[in-house]
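Residue-level structural notes
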Amino acid sequence: MIHSLFIINPSGDVFMEKHWKSVISRSVCDYFFDHQRKASSPEDIPPVIATPHHYLISVYRSSMFFVAVCTTEVAPLFVVEFLHRVVDTFEDYFSECTESIIKEHYVVVYELLDEMLDNGFPLATESNILKELIKPPNILRTIANTVTGKSNVSSTLPSGQLSNIPWRRTGVKYTNNEAYFDMIEEVDAIIDKSGSTVCAEIQGYIDCCIKLSGMPDLSLSFVNPRLFDDVSFHPCVRFKRWESERVLSFIPPDGNFRLMSYHIGSQSIVAIPVYVRHSLCLRESGSGGRLDITLGPKQTLGRTIENVVLEIPMPKSVLNCGLVTNQGKYTFDPVSKLLVWEVGRIDVTKLPNIRGTISLQSGSPPVEANPSINVS
Amino acid sequence: MTDSKYFTTTKKGEIFELKSELNNDKKEKKKEAVKKVIASMTVGKDVSALFPDVVNCMQTDNLELKKLVYLYLMNYAKSQPDMAIMAVNTFVKDCEDPNPLIRALAVRTMGCIRVDKITEYLCEPLRKCLKDEDPYVRKTAAVCVAKLYDINSSMVEDQGFLDQLKDLLSDSNPMVVANAVAALSEINESSSSGSPLVEMTPQTVNKLLTALNECTEWGQVFILDSLANYSPRDEREAQSTCERITPRLAHANAAVVLSAVKVLMKFMEMLPSDSEFVTSLTKKLAPPLVTLLSSEPEVQYVALRNINLIVQKRPDILKHEMKVFFVKYNDPIYVKLEKLDIMIRLASQANVAQVLSELKEYATEVDVDFVRKAVRAIGRCAIKVEQSAERCVSTLLDLIQTKVNYVVQEAIVVIKDIFRKYPNKYESIISTLCENLDTLDEPEARASMIWIIGEYAERIDNADELLESFLEGFADENSQVQLQLLTAIVKLFLKRPSDTQELVQQVLSLATQDSDNPDLRDRGFIYWRLLSTDPAAAKEVVLAEKPLISEETDLLEPTLLDELICHISSLASVYHKPPSAFVEGRSGIRKSLPASARAGSEGVESTESQAAPAVIPAQDSLIGDLLSMDIGGPTVAPVAAAPAAPFGSAAMDLLGGGLDTLLGETSSSPAPPSALPASSAALLGDIFGAPAASATYVAPKTTWLPAEKGKGLDISGSFVRRNGQLFMDLTFSNKAMQPMLGFAIQFNKNSFGITPASPLQVQSPLPPGVAADASLPLATTGPVQKMEPLTTLQVAVKNNVDVMYFACQIPMHALFVEDGQMDKRVFLATWKEIPAQNEVQYTITNVMHSADSNFTDTVVSRMQQNNVFTIAKRNVEGQDMLYQSLKLTNGIWVLNELKIQPGNPNITLSLKSRTPNVAEGVFQAYDNILHG
């Protein structure tokens, strides 16, 4: 199980450590640093590293490394999931998770870690329960606490901890009962040069913000539930009901949570909202290249497309770009060779276009670029 | 003094300040002070000096303060064991607190303090907490047992905590169950004995499955992991367990999903692979695995490593999901490389075009490692899917045209492999390859290119020039290149001897005289001698037809794969190594897939003591059958008459006890087991009315040398085995006009090294018209030469008339030796080790007595008389399966499996041996023995 946790900042300092069993020296992180030096970017550090006596399992979130140390055979996914949950909890508590925030709230962080894991076994990871055990810090409460002498730590057992619905606390009361659902869909498509779709799939999520009193029992039905290829649910969803009736029936946790995530695979036809007309020619007459890209809407069902961002990772030989856009602005980072064009809204009457020249290092062979588009 | 003085004082000042704050009367101040202490502790400052002051704060009703003090204690108690004792009283008191939160906190913290003196005091409170009315306390206490075991395992065993922990498995609260499972599996892992603490029974499994639905995600992981260690009793149970686990595949937590996949993959082994259930389960497994690939890159990586295993084991699951493994430009490199691997595994004729166009794109990426792997992947594609080879080659050529150095080199390496797989098909591209000769600087690429030149030397006009250019810097080359160059030049010389003599001499002298690499020198000398003694032989050796390379060189070995399938979702599956290879101090428990369920329940229970590392590739159903053969109990005689052979002492006692009461006090010792020793099989034969006369089978004498060829001497004979000695029984008849004398016999070299052990004793002189018998003892120590067919023996017989030559066949059964009985485990291991292509099948037709109800036993005893030993016998679906071993005089072991269907006169025989060419003779022997 998880022995210790080290939190490491990008410059390679271990600024926080927590041991659930015996203390393991931080020198174990040297193995991690070895890999860090080898990797070209922080994302490229392998998540599982074997050392002679320990196994280091790490995740990279908000430009910090969370390195868990294990000594026995464990399920790595279990550790990875747990680490992500730790970061989620921090974000939930402190609204963001950065090095300075963690340093500021050392004690709460320490208490949280202690509450989340006991001897390497997860204890309480539901934010609803944790919040009952350890109140999240805020200025108001700090003032109130100093005045009244109360503490941030609850002295009673959280009510939901052992019930059959551990995710919800009891006695929730709201004056305004409201529930919000966000549908987030990410279309992941690979389109070849000629514009035909190589592969397209949808990864979707339903995120909720539920503020309802008491023990509400909700159900959510879909027009065409057959579309879902694969679903995974928050534990509150009654799986039997979904299996038999394709209805989401659940008692929600209080606050924000992800109700379900689903996947619509390549078998279904996925409508791609934009198209790209491009002409990209590197190496034209010696050391230059030309680029001309036009975006247009496609199958939008009457909705406008907003926040379009286009990213092109350029080949190494590109030195700089001199481009003109008729909409939005572009940046080119000569170090990472990434061209980012923030288009914004697509107006059907005036299609966004970017064109211009690219200066290339002379003498290097032409390499094709793979334009990829992020739409949100 | 120096400046360091100030440092120490300031440090002391800080500690001192904290100390005074800790001793402040105000609660608030105290708490703030403890917080400061904890903060310094987390960043690694040493604040152990404050121990007594912090412990003083412990007795408080403020929970937060208490928690903080506990945090401090956990960290520093070890360094101050004497002081830590001060805290014990408070702990013990807290364990009685009315607030369950405090009780749990106290017992939790006590477990974390690794000080012996404290541990002693822990026992009583822990015992109480394990029975606490509040489930929160119970579940905390369960984990505490695991902690205690880590500190002092004997104490846990002595105090009976393990039993208490086992009781918690049937707790009403699912969280408690989950934690108990987790604690037990951790104890299991660290226990030295290696034997599982809890025998999984269907009842416990049922409880766990119930708890599974209600506990937290982490608890589900623990429960699923321990379920994976359970082997269901039969198909039905496996199926119903699978059904109850399947919903877990839709869990949001990737760890739960993967653990569920593990259990399903394992239990699926038990179900017949063509059943509807398995088909639907296979369909259900794909989407969750695909979904794992859309989560965080770390999760993706672990998932991909596991998918790699799953795809090798059951390619069907993901065969339609090729597209999800296409690489995204922003994937981390470790994810990209894994995806590439899986793409190749999934490549088939149906999707190869798509894969190829993807791979071509990848080969133009920026990351060098990735590009290299992509180019390699194209080559593997060509080797795997024959139909795509042409397209792959043209893709590779396109890539070579890009002139990107590392792409070209990598492409040449894989083209070499393609040439190996499809010889003489694509040599038209050689000229393109030769153009890039100068750019190659990596040894592997150079070696590959040289190999290609040597292999196709006759088609490359300037091969000698090319090779000569390499030869200039011979001494600086990597040894791989040197060896390749040597071979290539020798090949060239053999193909074009006229104009390359100088070259070959040059390379031979370089290799043999100027090199200090023994490999190179040896190879040089071998070539030199070959060339100087017999160029024709050299041609045969050097230019011999090469075996085609296999399609999948990088597949995991099946036994390892099966073991790893049992470890899906664990570290082992990420490393693709069994845990014993990297986890320290692990006892040798290895997991194995359950055998397919078509073996009845009979054998399965008897494998209780699975101490043996029974790792069996279950895809091979034959071996699956063997698994349910009793591995643990070596006493079970392989005789049918012993259905109740004692499997364990318990059964024995029962039997004995029962007999005692029946027979009064006649015997105090249990009745002898009804199992018959194997040697009394002949006796059995009698009982069952088998022809007792059928001792060793003796083939009737056949005429080896007719009189018209033997100048009047007629020789007939046969081979027979008597008392462990091989004899050649001969009959000499003189059909000539005058007496014969001066007989002598000699054998040519033969496959089994058979040679006369003593001179031939025949009546001499042999008068005309008289026949004389002679028995010639034979030894197997003579010179060996492989004959075709294997059993041929060429004999020369001399008498006063002439020397006569004839050839005869040695019946294989005469070569079966008496010590051919293999140990059961060895049999199992050997069967497994011998590759499947060494297995030969044969049907023995029209065996007599097959209608007889005791037919199988007859077969057993008959074969036994001929030194074919039955290792085990089982009944599967009404068929009798016999496992037999035999050994030939030259030490070759042959393993057989016989399938006998009652009433069917045909017997199916599967044979495995390291030298499968003996199969023909063995089949013949079986035929003879069973028909004779």
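Residues numbered from 1 in each chain as written. Chains lettered and ligands numbered in written order. Predicted model: local features only at pLDDT ≥ 70, side-chain atom pairs only at ≥ 80, totals over all residues. Heavy atoms only, no water.

Note the threshold: UniProt positions are given in the numbering used here, feature names are shortened, and annotations may be inferred rather than shown by experiment.
Identification of chain A as MHD domain-containing protein from Cloeon dipterum is taken from an unreviewed UniProt entry. Note on chain A: under the UniProt heading Sequence similarities (unreviewed entry), the record states "Belongs to the adaptor complexes medium subunit family."

**Digging into the interface of chain B and chain A**
Where interface size is given, it is often the accessible area lost as the parts come together that is meant. The cut-off we apply is this: Contact criterion: two residues are considered in contact whenever any of their non-hydrogen atoms come within 4.5 Å of each other. When a carboxyl oxygen of Asp or Glu lies within 4 Å of a side-chain nitrogen of Lys or Arg, that pair is called a salt bridge. Asp, Glu, Lys and Arg are counted as charged, while Ala, Val, Leu, Ile, Met, Phe, Trp, Tyr, Cys and Pro are counted as nonpolar; the rest, among them Gly, fall into the polar class.
Tallying the contact residues gives 87 residues for chain B and 90 residues for chain A. Notably, a salt bridge pairs B:Glu217 with A:Arg85, separated by 2.7 Å at the nearest N-O pair. Residues belonging to the side of chain B that touches chain A are distributed by class as follows: 48 nonpolar, 16 polar and 23 charged.

**Description of the sheet that holds strand S7 (residues 792-798) of chain B**
Residue and element names in this part refer to chain B. Formally: A pair of strands is labelled paired if DSSP reports no fewer than 2 bridges between them. Secondary structure elements follow DSSP: runs of H or I no shorter than four residues count as helices, runs of E no shorter than two count as strands, and numbering proceeds from the N terminus. Comment: axis = line fitted to C-alpha atoms, over the contacting stretch for helices; angle = value between 0 and 180 degrees taken between N-to-C directions.
With antiparallel pairing, 3 strands are arranged side by side in an open sheet as S4-S7-S8. One side of each edge strand has no neighbouring strand; the edge strands of this open sheet are strand S4 (744-747) and strand S8 (803-809). Direction aside, neighbouring strands of the sheet carry axes that sit 25 degrees apart on average. Relative to S8, S7 runs antiparallel, the two sharing 7 bridges. What sits directly across from Gln-794, in S8, is Ala-807.

**Things to note about the pattern of salt bridges**
Proximity of charged atoms lets side chains of opposite charge pair with each other. Test applied: Burial classes follow relative accessibility: with a 1.4 Å probe on protein chains only, a residue under 20% of its type's maximum area counts as buried, one over 50% as exposed, and anything between as partly exposed.
Within the structure shown, the criterion is met by 49 salt bridges over all chains. As a salt-bridge pair, A:Lys21 and B:Glu186 come within 2.9 Å of each other at their nearest N and O atoms. Pair noted here: A:Lys21 is in the loop between strand S2 (14-19) and helix H1 (29-38) and B:Glu186 is in helix H11 (residues 174-190), and the two residues belong to different chains. As far as burial versus exposure is concerned, A:Lys21 and B:Glu186 are alike and both buried.

**Observations regarding a negative patch on the surface**
The test is simple: Note that patches include only residues with greater than 30% relative accessible area and no salt bridge, and the join distances are 9 Å for like charges and 5 Å for nonpolar side chains (Val, Leu, Ile, Met, Phe, Trp, Tyr). Shrake-Rupley sampling with a 1.4 Å probe provides the accessible areas, and residues are treated as covered by the protein chains on show and by no other component. This count recognises Lys and Arg as positive and Asp and Glu as negative, with His and chain-terminal groups excluded. For the purpose of locating charges, the reference atoms are NZ of Lys, CZ of Arg, CG of Asp and CD of Glu.
Side chains of B:Glu465, B:Glu468, B:Glu472 and B:Glu502 sit close together on the surface and give a patch of like negative charge. Inspection of the secondary structure assignment puts B:Glu465 in helix H25 (residues 463-471).

**What about the packing of aromatic side chains?**
Just so we agree on the cut-off: Stacked, edge-to-face and tilted labels apply to pairs of Phe, Tyr and Trp rings (six-membered ring for Trp) whose centres lie within 6.5 Å, assigned for plane angles under 30 degrees, over 60, and everything in between, in that order. Our definition puts a charge over a ring when NZ of Lys or CZ of Arg is within 6 Å of the ring centre and also within 35 degrees of the ring normal.
Going through the model one piece at a time under the given rule, you end up with 26 aromatic pairs over all chains. A network of ring pairs unites the aromatic residues A:Phe78, A:Phe82, A:Phe121, B:Trp218 and B:Phe222 as a single cluster. Taking NZ or CZ as reference, A:Arg258 lies 3.9 Å from the ring centre of A:Tyr205, over its face. One cation-aromatic arrangement involves B:Lys336 over B:Phe370; the distance from NZ or CZ to the ring centre is 5.2 Å.

**Here's the deal with helix H30 (residues 558-565) of chain B**
Residue and element names in this part refer to chain B. Most of H30 sits inside the fold, with 7 of its 8 residues counted as buried. Buried within H30 are the following residues: Thr-559, Leu-560, Leu-561, Asp-562, Glu-563, Leu-564 and Ile-565. Next to the buried residues of H30 lie helix H15 (254-268), helix H17 (297-313), helix H31 (571-575) and helix H35 (824-833).

**Here's the deal with the confidence of the model for chain A**
Caution applies to low-pLDDT regions: their predicted coordinates should not be interpreted in detail. Residue and element names in this part refer to chain A. Here is the rule: The pLDDT score gives, residue by residue, the confidence of the prediction method on a 0 to 100 scale.
Of all residues in chain A, 83% attain a pLDDT of 70 or more, and the chain-wide mean is 79. The least confident element of chain A is strand S21 (residues 372-375), whose mean pLDDT is 56; the most confident is strand S5 (residues 64-70), at 91. In this model residues 364-369 is a low-confidence stretch, pLDDT under 50, and it forms 13 contacts with partners more than four residues away in sequence or in other chains.

**A word on the nonpolar core**
Definition in use: We call a set of buried residues a nonpolar core when its members are Ala, Val, Leu, Ile, Met, Phe, Trp, Tyr or Cys and they connect through side-chain atoms within 4.5 Å of each other.
Counting 275 residues, the largest nonpolar core has A:Phe90 and B:Leu359 as the members making the most contacts within it. Top element by residues in this core is H15(B). It accounts for 12 residues. B:Met740, B:Phe743, B:Ile745 and B:Ile810 belong to the second largest nonpolar core, which has 60 residues in total.

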